[in-house]
Amino acid sequence: MSLSMLFLFIAQIRPKMHKCRMKKTSLLKKNSIRIPSIQFPYIKKRHLCAPPLSASYTVEAAVAIPFFLGMMIFAIFYMRIMQVEFGIQKVLDETAQQAAVLCSGEENITLGELRLLCNGRMEKEEIPLSFIKGGILGISYGESTVEGNYIVLQVSYDVEFPIQLFGKLRWNRRLLSINRKWVGWDPNEEGALGNYVYVTEYGTVYHLRRQCPYLNPGIIAIPYHQVSDKRNESGAKYKACKGCGAKKVKSGVVYITEYGDVYHRTLHCVGLRRTIHRIPLTEVGDRGPCKKCY
């Protein structure tokens, strides 16, 4: 029998065999008793010579978990550093302010006394000084001074990261607090003679006199309908202040100043307040001189 005839014979008898199998199965189902099936867990058998499982998860865990824990520790440690810095800055400011009041008369205070006061207040405030290298003795007051009319408290200290996971990390922190003693007015400090000037927080010029009209604006209340007719000392018109939303005003009272160029909706507007700072002339930066008091 040739190969082609054999394939033809198999193709003819295969449907008949399938029909017989289907009949036999149906007869068994009719005469059989149903037994509840039991589910067994599937257990995959591995050959002894099969290749081992991949170790990529083990490598990732060995690298990622220590890195993650290190970053968490670093974040917590950074927060503690900020807590130490805020606490020490608060102590310096409060101590310098109290010392400035004590120096209002003929009494004076030494740098050693100020250092003891600061250290005592730090322990009382329970500042975590253990994070500082050397503890409280690691805080240096070397650049502080109480000479002249100012109390300058400047401290420096080192903070080390406790875990050497990222190498030996160290931060040097410097904090400064300056307060003027309550010794009254000193003509040598006024104007250009003392090389000190006055500036505001958002001002673009510096002033030689504390009594400059730009630093002490005279506030005038006027009806809103008169704003368009008013002019300041320079002859300029008043426009609406963007800070207090003066554009929304259609009636009522608004507020202007003699040397300003905007009108305000409320007396509490930041444009009517002046936060004045007294700084050395060398620190004016890009500010130009005030044309009114120069």
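Residues numbered from 1 in each chain as written. Predicted model: local features only at pLDDT ≥ 70, side-chain atom pairs only at ≥ 80, totals over all residues. Heavy atoms only, no water.

## Overview of the overall build of the protein chain
Rules: Elements are defined by DSSP. Helices are runs of H or I of four residues or more, strands are runs of E of two residues or more, and each kind is numbered from the N terminus. Think of it in three bands: residues with accessible area under 20% of the maximum for their type are buried, residues over 50% are exposed, and the middle band is partly exposed, with areas taken using a 1.4 Å probe on protein chains only. Throughout, a contact is declared for two residues whenever any of their heavy atoms are within 4.5 Å. Areas reported as accessible are Shrake-Rupley estimates using a 1.4 Å probe. Residue values count occlusion only from the protein chains shown.
For the protein chain, the helix and strand inventory stands at 3 helices and 10 strands. Reading the protein chain from its N terminus to its C terminus gives the helix and strand order α-α-α-β-β-β-β-β-β-β-β-β-β. Per-residue burial for the protein chain yields a buried fraction of 27% across its 294 residues. In the protein chain, of all internal contacts separated by at least 6 residues, the share reaching a separation of at least 24 is 62%. In the form shown here, the protein chain has an accessible surface area of approximately 21700 Å², with 60% of it arising from carbon and sulfur atoms.

## A short note on a nonpolar patch on the surface
Threshold: Think of a patch as exposed residues, more than 30% relative accessible area, with no salt bridge, where like charges cluster within 9 Å and nonpolar side chains (Val, Leu, Ile, Met, Phe, Trp, Tyr) cluster within 5 Å. Should a side-chain nitrogen of Lys or Arg be within 4 Å of a carboxyl oxygen of Asp or Glu, the pair is scored as a salt bridge.
A contiguous nonpolar surface patch, about 410 Å² in accessible area, is contributed by Ile65, Phe68, Leu69 and Met72. Tracing the chain through its elements places Met72 in helix H2 (residues 56-102).

## Points about the confidence of the model for the protein chain
Counted only if it meets this: Every residue gets a pLDDT, meaning the predictor's confidence in that residue, from 0 to 100.
Here the protein chain averages 76 in pLDDT, and 71% of its residues register 70 or above. Averaged pLDDT values over the elements of the protein chain bottom out at 53 in helix H1 (residues 3-31) and peak at 89 in helix H3 (residues 111-124).

## Some details on the packing of aromatic side chains
So the rule is basically this: Two aromatic rings, drawn from Phe, Tyr or Trp (for Trp, its six-membered ring), form a pair once their centres lie within 6.5 Å of each other, and the interplanar angle then sorts them: stacked below 30 degrees, edge-to-face above 60, tilted otherwise.
Considering all chains together, one arrives at 1 aromatic pair under this definition. When the centroid spacing of 6.2 Å and the interplanar angle of 65° are considered together, the rings of Tyr224 and Tyr263 count as edge-to-face. In this pair, Tyr224 sits in the loop between strand S5 (219-223) and strand S6 (239-240) while Tyr263 sits in strand S8 (residues 262-263), placing the two residues 39 residues apart along the sequence.

## Comments concerning H3
Stated precisely, the cut-off is as follows: One less than the residue count of a helix, multiplied by 1.5 Å, gives the span that helix is expected to have. It is the directions from the helix axis to the C-beta atoms whose arc is reported.
The first and last C-alpha atoms of H3 sit 20 Å apart over 14 residues, in line with the 20 Å expected at 1.5 Å per residue. The set of residues buried in H3 consists of Leu114, Cys118, Asn119 and Met122. Each buried residue of H3 sits inside an arc of 130° when the element is viewed along its axis, so together they form one side. Pointing more than 90 degrees away from the buried face of H3 are the exposed residues Leu116, Glu123 and Lys124. Looking one or two places after H3, you find Glu126, whose phi comes out positive at around 55°.

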